[in-house]
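Given next are the chains, with one letter for each unit.
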Amino acid sequence: NAGVTQTPKFQVLKTGQSMTLQCAQDMNHNSMYWYRQDPGMGLRLIYYSASEGTTDKGEVPNGYNVSRLNKREFSLRLESAAPSQTSVYFCASNLQGYFSNEQFFGPGTRLTVL
Amino acid sequence: ELKVEQNPLFLSMQEGKNYTIYCNYSTTSDRLYWYRQDPGKSLESLFVLLSNGAVKQEGRLMASLDTKARLSTLHITAAVHDLSATYFCAVVISYAGGTSYGKLTFGQGTILTVHP
């Protein structure tokens, strides 16, 4: 099993450009999440999908949109990138939102917005 | 709003010494996670603590949970250089009659450096 995979690993954008970060998991997990990590602030939840067909906002959703394409895939889109979105983005998944014991993280996407 | 605070944020230790990292959280939770992150890497799950009084140990690390005090500790015994990393605690809010959907709120992280 590959676990949670993310593409791309690195990306540099100019202000105003758009892009989509891709995430896929092969563990048959129901719930998927997008976090961003900034220095000194830990990880903060952007959006989550409790199950296929549902998405909801997390702590810092402004400037982002998500799509739960199917059970395996959960993408994060930046419509008009801003320097404040320079961060490391992690996708995560777990089996079932309430009773699961562990959340698995992907390798991360390092995004720089100039 | 759930707040999770770790201390210390920076910890410089000598090899062979013992120390404890503290994780306080502000609202009711019955699940707490500890993760390790090496520079430039993803998060690695260390411990999952599911009930009051839970204690788990793996090698030189031991984690405990006191839900009444809303406190978890990560104790390091006889530190070695390989333990140098950033350690995060993360908490899931408990909702009476509902579900948290597994959403994690993270502490700021503790950067641990172990010196010879």
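The rules behind the values
- Residues numbered from 1 in each chain as written.
- Chains lettered and ligands numbered in written order.
- Predicted model: local features only at pLDDT ≥ 70, side-chain atom pairs only at ≥ 80, totals over all residues.
- Heavy atoms only, no water.
- Contact = heavy atoms within 4.5 Å.
- Buried area = accessible area lost by both parts, 1.4 Å probe.
- Salt bridge = Lys/Arg side-chain N within 4 Å of Asp/Glu carboxyl O.
- Polar contact = N/O pair within 3.5 Å; in protein donor to acceptor, adjacent residues only side chain to side chain.
- Helix = DSSP H or I, 4+ residues; strand = E, 2+ residues; numbered from the N terminus.
- Phe/Tyr/Trp six-rings, centres within 6.5 Å; stacked < 30°, edge-to-face > 60°.
- Buried < 20%, exposed > 50% of the residue type's maximum accessible area, 1.4 Å probe, protein only.

Turning our eyes to something else, we now look at the interface of chain B and chain A. At the interface, 23 residues of chain B touch 22 residues of chain A. Carbon and sulfur atoms supply 53% of the area that chain B and chain A bury against each other, a total of about 1,800 Å² over both sides. It is B:Tyr101, B:Lys103 and B:Phe106 that lose the most area in chain B upon contact with chain A, and together they represent 26% of the buried surface on that side. Here chain B is connected to chain A by 0 salt bridges. Connecting chain B to chain A are 6 residue pairs in polar contact (both at pLDDT 80 or more). Sorting the residues of the side of chain B that touches chain A by element identifies β4 (31–37), β5 (43–49) and β10 (104–106) of chain B as the ones contributing at least two each.

Applying the stated rule across the entire model yields 9 aromatic pairs over all chains. Each ring, one from A:Phe105 and one from B:Tyr35, has its centre 5.3 Å from the other, and the planes form 85°; the classification is edge-to-face. With A:Phe105 in strand β10 (residues 104–105) and B:Tyr35 in strand β4, the pair connects residues from two separate chains. Neither A:Phe105 nor B:Tyr35 differs from the other in exposure class; each is buried. With 6.0 Å between their ring centres and 40° between their planes, B:Tyr35 and B:Phe106 make a pair best called tilted. Note that B:Tyr35 is positioned in strand β4 and B:Phe106 in strand β10, a separation of 71 residues in sequence. Here the two residues B:Tyr35 and B:Phe106 agree in accessibility, since each one is buried. Taken together, the aromatic side chains of A:Tyr33, A:Tyr35, A:Phe105, B:Tyr33, B:Tyr35, B:Phe88 and B:Phe106 make up a single cluster linked through ring pairs.

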